Amino acid sequence: GQNIDQPTEMTATEGAIVQINCTYQTSGFNGLFWYQQHAGEAPTFLSYNVLDGLEEKGRFSSFLSRSKGYSYLLLKELQMKDSASYLCAVRVPYSGNTPLVFGKGTRLSVIA
Amino acid sequence: DAGITQSPRHKVTETGTPVTLRCHQTENHRYMYWYRQDPGHGLRLIHYSYGVKDTDKGEVSDGYSVSRSKTEDFLLTLESATSSQTSVYFCAISMGLAGSETQYFGPGTRLLVL
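Just so it is clear, the structure is predicted and the values come from calculations on it, not from any experiment.

Right, let's talk about the state of the cysteines for a bit. Disulfide: a covalent bond formed between the sulfur atoms of two cysteine residues. Scanning all chains against the criterion turns up two disulfides over all chains. Sulfur-sulfur distance for the disulfide between Cys22(A) and Cys88(A) comes to 2.0 Å. Because the torsion about its S-S bond is -70°, the bridge between Cys22(A) and Cys88(A) counts as left-handed. Of the two residues, Cys22(A) is situated in strand S3 (residues 18-25) and Cys88(A) in strand S9 (residues 84-91); the sequence distance between them amounts to 66 residues. Overall, the relative accessible area of 0% leaves Cys22(A) in the buried class. Overall, Cys88(A) belongs to the buried group, its relative accessible area being 0%. Two residues share a disulfide in this structure: Cys23(B) and Cys91(B), whose sulfurs sit 1.9 Å from each other. Given an S-S torsion of about -70°, the disulfide between Cys23(B) and Cys91(B) has left-handed geometry. With Cys23(B) in strand S3 (residues 19-25) and Cys91(B) in strand S9 (residues 87-95), the pair connects residues that are 68 residues apart, well separated along the chain. Taking relative accessible area as the criterion, Cys91(B) reaches 0% and is therefore assigned buried.

Let us now look at the pairing of S3(A). Residues and elements named next belong to chain A. Of the two faces of S3, only one is covered, namely that formed by Val18, Ile20, Cys22 and Tyr24; the face formed by Gln19, Asn21, Thr23 and Gln25 stays uncovered. In terms of strand pairing, strand S1 (residues 3-5) meets S3 through three bridges, oriented antiparallel. Along S3, the bridge assignment pairs Ile4 with Tyr24.

This brings us to the sheet that holds strand S7 (residues 64-70) of chain B. Adjacent strands of a sheet pair through backbone hydrogen bonds, lying either parallel or antiparallel. All names here are of chain B. Strand order across the open sheet formed by four strands is S1-S3-S8-S7, with antiparallel pairing between neighbours. Strand pairing shows two members of the sheet lacking a second neighbour, strand S1 (4-7) and S7, which therefore form its edges. Neighbouring strand axes in the sheet, compared pairwise and without regard to direction, differ in orientation by 20° on average. With four bridges connecting them, S1 and S3 associate as antiparallel partners. Across the sheet, the residue bridging to Thr5 is His24, located in S3.

Each value, and the rule that gives it
- Residues numbered from 1 in each chain as written.
- Chains lettered and ligands numbered in written order.
- Predicted model: local features only at pLDDT ≥ 70, side-chain atom pairs only at ≥ 80, totals over all residues.
- Heavy atoms only, no water.
- Disulfide = S-S within 2.5 Å.
- Helix = DSSP H or I, 4+ residues; strand = E, 2+ residues; numbered from the N terminus.
- Buried < 20%, exposed > 50% of the residue type's maximum accessible area, 1.4 Å probe, protein only.
- Pairing = 2+ DSSP bridges.
- Axes fitted to C-alpha atoms, helices over the stretch in contact; angles between N-to-C directions.

Here it is as structure tokens:
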């Protein structure tokens, strides 16, 4: 089976840095995705990692270690609008268009 | 904007009635997906399509059927709705460079089965 774990909830202060971890155990791997989902809205794509290392995109960065089955999403200079759920998802098996397997999401609350 | 719309956006129905949800896309994407999202479970795949008349089951396909008679429309049908199918349903398409395609989601349909 496929297993993707991430913390259920996190709280952080406006202006700070927060790291949301994701660990996965899947039968094959062809990329890890992070999505942001505000309450009552659809998930929106944030980042994609398929090789080990850090991908930076503005205030958001995502890291992947395939040997450890581990990823994290780093959010810098937190803003109130970053309060949302963050979904980690893995694509298996080795095909570009196979469906994603999602974790249950991490609900981030940004407080003043 | 991936050009995805879903209809209806909200629906209330009674147990035992048939329900059809529609996903419409305007950009000729080949791959389309239906997910449901429930508290404590995250997003789970119901069915997906890799072309006209080509579909496959996902993790939670029991009680659901799909049809894709033309590229732009992917229909999800609950033949006889049950309260356990109360959920938020998201349609998605896949787009991007070959080998690194990314899924983009429609706005969702909130379904309440009484």
